[in-house]
Structures are given as structure tokens and as C-alpha cells.
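Each chain is listed here by its residues.
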Amino acid sequence: MYKFFPHTEEDLKLMLEKSGVDSLDELFSQIPQDIRFKDAYQIPSEMSEIEVRRVFDKLAEQNKQLTCFAGFGVYDHYTPAAVPNILQRSEFLTSYTPYQAEISQGTLHYIFEFQSMMTQLTGMEVSNASMYDGTTAAAEAMMMAVAATKKTNKVLVSQTINPKTLKVIETYALHKGIEVVTIDQNEGVTDLNDMKAKLAEGGVAGVIMQQPNVYGIIEDFTGVADECHAAKALFILDTVPADLALLKTPAEWGADIAVGDGQSLGIPMLFGGPYLGFMCTTSKLIRKMPGRIVGMTKDNRGQRAFVLTLQAREQHIRRQKATSNICSNQSLMALFVTVYLAIMGKQGLKEAAQLSFDGAHYLLDQLTSTGHFKLAYDKPFFNEFYVKYDGDADKLYDKLVQEGFLPGVRFEDGFIFAVTEKRSKEEIDKMVKIINEFK
């Protein structure tokens, strides 16, 4: 009757009886005493709405807003104001898995548009309906390669991919009987000779590389796809989709599968999520692709309609026979990306990418002019780069945070900086001025 009320004593007694224990203490007896919280909960008394808002305002004031020059897989791109306003429409915020096509045409439609836009951006033929995030998309691509090539259980991964992605790939591989072998790097890029040697050993299902790589370098993958295909392996390219406005697409590199995180397409950093992964591939691999795919058809009246298609991949069949057991997709975030891409258009994406590129190269020039920074690898980069610092990098990092800047990501003996279209010349000059005055 009172469904929002806490459990009554009678409710608790009934649940304990069903659980076969006599008390709550016995129910939680396996939790060690030394990690149990025994103090009084700091729960305030009841408040009015305006008082609650004041409490949260004070809490929010404790957050320090920093000017972000960090990247490493998550980028501070601008979000047009129209995007969150459109997402706040009730039919989008209350969306659920669209199994019943007859009542889910709106959701299915925008997922179809998301797929269409991602295929245009990557140059690939097919896209799924989005995935959890970029790292798990890469891991799913690894399993997809093993399933597609058959009788192989080895995947080669370049050492120049983001280490976070590699960790997730290794985690997925651990219980799948998949062997993950890294390809050496040479001066900040994939050692293609090492790749060829490891392909020649045989039994390779796929090769995973990243563009731009973890150092922000734009690698030259000429001939990589041919080498992979000659060894009967798939070429998997992990990429930053926002950069594809100016860079060669995965399709142009001959990739069989393109994956990555869609966060760079206008999704705010949001303290780490939610984001979404994308996966695009060739038509011949569509039946090996994990996750959902929305297709367009016609109903019995001849009108355009959208449906989930090729669903024999998840809970619809026996779990052990499924292509993948991912049963949810980041649909709301896919809508976010869809609206963002529709608003920005091709020209808007190119301008944002060009501003990011120009800003990063300007920042590098200013940093090297201080005499304390040096580009770690003299290779072409996009909007992210790795520089070595001749002083105490940890102290400089702390100083810049104190001054209101997030100075990239601390990496070995230096920093990996990233610049987006949000960063102004004034912000760059101010940060470099602080660096110059730092002792």
C-alpha cells in the first residue's frame, strides 16, 4: 500500500525467514568487522526545498573548475546549447530498449540516424546501435575478430594504444582463451617490422592499432591492412571520431572494424561518464557484430518503419551461442551524438577539428620556446602531444592546478597535452606565462 515507505518490521522478519537467518547481523556476518561503518550517519534533519538547494550549492562551491588541457581519451569539446535541451524532452529521457517496434519508432529512428552518421564519419559500411564505451568496444572487436576468422585465438595490439584500452582488452581476453600479444613501438609509432614478424608466426585473428595514438601522433598505416589480410587477420582501428573530420577514415586505411569512444563528439567530460562506444564494420562482417542494429523497412501500409534487425546475438538465443552478451546500448548518449552531428554538420566538425589542431601546435611552440619542454617524438600530431620536461614535473603540475589549469596528463617524465576548440589563445598564453615564472 505504501510502496515508497521503508520496510516494516514484519517485512524484515519475512525476508530474514526466506533467507534462512535469524537477524540482520547474521545476514551480514561475512562482512569483516574492521571495514564496517560504526559511527553515526551524518544525516541532516528535514529541510525545505530552498534549504536543500542551498546545501547543494555550498557543496558545488567546493569543486574547483579548471581550464582543461588534458585528453588521453577524454576531451573538453564544446556542446551546443541546443543538444541538452533536445535530450531533455520526456520521450527521450524515458526511453527504454525498443523491443516493441510499434511503440518505439522515435527511438529506433534516431538510433538509425546515429548508425548512418557513424558510417559516414568512419567510411565503413555498417554501424551498430552504440556500445558502453570505447574501451569495451575495442575488446568486443577483439572477440569479433576471433569469431570471424575461426581457429585462431591470438590478437596483436600495438603498444601505442591507450594503456586503459589495453587493460580492458586483456581483461576480456583472460576468460575467453584469447592470447594478447603486443607489437613493439619505435620512436612513438607502431613498429611495422615487428608486426609483420608476429603475423608471420600465424594464428592471428586481428591486429588492433590506434589513430591518433596514445602520444597524439598520426601514424602512417599504409599497407597495414594488406599485411593483415595476407595473414588472414582483421585490421581493427581504434580512433577518435572528432578527428575524422580532417584525418583519413578507417575505411581509407582499409580497416575491417572501426571502434572508439563517441565522447569527443560533443559529450561533456561529466567526471568520467556516461559516454558511448561505437563500432563500424564491413557488410560481410555484420553477422559477427555485437550489440544491436536498427534497420529501415516498410510496414503493411507501405510506410517507412524502423526495426531491430539481426537480433540473434544476445538473450534471444542460448547465451553460450550468442555473438556477444552485451544487452544494452548507450541509446541516450547515441542521441546526444546524433543531435550534435546534425547541428555541427560537416563544416562545423571540420572547423572544430582545425581549431583544435591549430591550438595544439601553437601551445607546443609556446612550450618549447620556454627552453624547458621538448617534443618526445618528432612526428606529426593532431590536437594532442607528448612533451618531456627538464624540471620537476610533479611540482609544476601542482602549481598549474593551483592556478586554475589542468595541465594535461602527467606521463613518465613529462606531460601529454590536449587542446580543443574551447581553448583560447589567451588561456594558452596565461598558462605558459605561469610556466615561465615557475621556479
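Residues numbered from 1 in each chain as written. Predicted model: local features only at pLDDT ≥ 70, side-chain atom pairs only at ≥ 80, totals over all residues. Heavy atoms only, no water.

1. Examining the side chain of threonine 152
Locating threonine 152 in the fold gives a position in the loop between helix H7 (134-149) and strand S3 (154-158). Among the polar contacts made by the side chain of threonine 152, one reaches the side chain of threonine 149 at a distance of 2.6 Å. (Helix = DSSP H or I, 4+ residues; strand = E, 2+ residues; numbered from the N terminus. Polar contact = N/O pair within 3.5 Å; in protein donor to acceptor, adjacent residues only side chain to side chain.)

2. Observations regarding the sheet that holds strand S17 (residues 414-418)
Pairing in this open sheet of four strands is antiparallel, and the strands run S13-S14-S17-S16 from one edge to the other. Each edge of the open sheet carries a strand with a single partner, namely strand S13 (373-375) and strand S16 (409-411). Going from strand to strand, the sheet's axes swing by 35° on average, the running direction of each strand aside. Pairing analysis gives three bridges linking S13 to strand S14 (residues 384-389), with the strands arranged antiparallel. Paired with phenylalanine 373 across the two strands is tyrosine 389, which belongs to S14. (Pairing = 2+ DSSP bridges. Axes fitted to C-alpha atoms, helices over the stretch in contact; angles between N-to-C directions.)

3. Considerations on the packing of aromatic side chains
This model, assessed by the stated rule, comprises 20 aromatic pairs. The interplanar angle of 35° and the centroid separation of 4.9 Å between the aromatic rings of phenylalanine 373 and tyrosine 389 together place this pair among those described as tilted. Within this pair, whereas phenylalanine 373 is found in strand S13, its partner tyrosine 389 is found in strand S14, the two being separated by 16 residues in sequence. Among the aromatic residues, those joined into a cluster by ring pairs are Phe373, Phe381, Phe385, Tyr389, Phe415 and Phe417. Sitting above the plane of the phenylalanine 69 ring, arginine 423 keeps its charged end 5.9 Å from the centroid. (Phe/Tyr/Trp six-rings, centres within 6.5 Å; stacked < 30°, edge-to-face > 60°. Lys NZ or Arg CZ within 6 Å of the ring centre and 35° of its normal.)

4. Points about the domain arrangement of the chain
Per the domain assignment, the segments making up the chain are domain 1 (67-77 + 345-437) and domain 2 (82-339). One C-alpha centre belongs to domain 1, the other to domain 2; they are set 28 Å apart. Where domain 1 abuts domain 2, roughly 2100 Å² becomes buried across the two surfaces, and 68% of that area is made up of carbon and sulfur atoms. If you sort the residues of domain 1 by the area they bury against domain 2, Phe72, Tyr377 and Phe382 come out on top, with a joint share of 29%. Where domain 1 touches domain 2, the interface holds zero salt bridges. Between domain 1 and domain 2 we count six residue pairs in polar contact (both at pLDDT 80 or more) in total. Elements with a contribution of two residues or more to the side of domain 1 that touches domain 2: helix H11 (331-368) and S14. A total of four residues in the side of domain 1 that touches domain 2 trace back to one element, the largest contributor, which is H11. Considered class by class, the residues forming the side of domain 1 that touches domain 2 number 14 nonpolar, four polar and four charged. (Domains from an automatic or database assignment. Buried area = accessible area lost by both parts, 1.4 Å probe. Salt bridge = Lys/Arg side-chain N within 4 Å of Asp/Glu carboxyl O. Nonpolar A, V, L, I, M, F, W, Y, C, P; charged D, E, K, R; others polar.)

5. Digging into unusual backbone geometry
Cis geometry is found at the peptide bond from glutamine 211 to proline 212, where omega equals -15°. As for its placement among the helices and strands, proline 212 is situated in the loop between strand S7 (204-211) and helix H10 (224-230). Between glycine 273 and the following residue, proline 274, the backbone shows a cis peptide bond with an omega angle of 5°. For proline 274, the location among the structural elements is in the loop between strand S9 (257-261) and strand S10 (277-281). Not every positive phi belongs to a glycine, and lysine 232 is a case in point at roughly 60°. With respect to the secondary-structure elements, lysine 232 resides in the loop between H10 and strand S8 (234-239). You will see that glutamate 412, though not glycine, has its phi angle at about 50°, which is positive. Take glutamate 412: it is sitting in the loop between S16 and S17. The exposure class of glutamate 412 is exposed, given its relative accessible area of 58%. (Buried < 20%, exposed > 50% of the residue type's maximum accessible area, 1.4 Å probe, protein only.)

6. Looking at the nonpolar core
Residues Met118, Leu265 and Val337 are the most contacted members of the largest nonpolar core, which totals 39 residues. The set of elements that each furnish at least two residues to this core consists of helix H4 (82-87), helix H6 (105-122), S10, strand S12 (304-309) and H11. At 10 residues, the largest contribution of residues to this core is made by H11. Looking at this core, you find at least three residues from each of domain 1 (67-77 + 345-437) and domain 2 (82-339). (Core = buried A, V, L, I, M, F, W, Y, C linked by side-chain atoms within 4.5 Å.)

7. Examining the pattern of salt bridges
A pair can form between side chains of opposite charge whenever their charged atoms are brought close. Applying the stated criterion across every chain yields a total of 11 salt bridges. With a shortest N-O distance of 2.9 Å, arginine 410 and aspartate 394 are connected by a salt bridge. Of this pair, arginine 410 sits in strand S16 while aspartate 394 sits in helix H12 (residues 393-402), and the two are 16 residues apart along the sequence. For arginine 410, a relative accessible area of 28% translates into the label partly exposed. We classify aspartate 394 as partly exposed; its relative accessible area is 43%. Of the charged contacts in the structure, one is a salt bridge between lysine 425 and aspartate 429, with a shortest N-O distance of 2.8 Å. Taken together, the positions of lysine 425 and aspartate 429, both in helix H13 (residues 425-437) and four residues apart, correspond to about one turn of that helix. Through salt bridges with shared partners, a single ionic network connects Asp76, Lys422, Arg423 and Glu427.

8. A closer look at helix H9 (residues 192-200)
An α-helix turns once every 3.6 residues. As a result, residues three or four positions apart point the same way. Among all positions in H9, only Asp194, Met195, Lys198 and Leu199 are buried. The buried residues of H9 occupy an angular sector of 135° when projected down its axis, which confines them to one face. Seen from the buried face of H9, the exposed residues on the opposite side, beyond 90 degrees, are Asn193 and Ala200. Buried residues belonging to H9 abut S3, strand S4 (179-183), S7 and H10. In this structure aspartate 191 caps H9, since a side-chain oxygen of it lies 3.1 Å from the backbone nitrogen of asparagine 193. Positive phi appears at glycine 202, one or two residues downstream of H9, with a value of about 85°. (Arc of directions from axis to C-beta. Contact = heavy atoms within 4.5 Å.)

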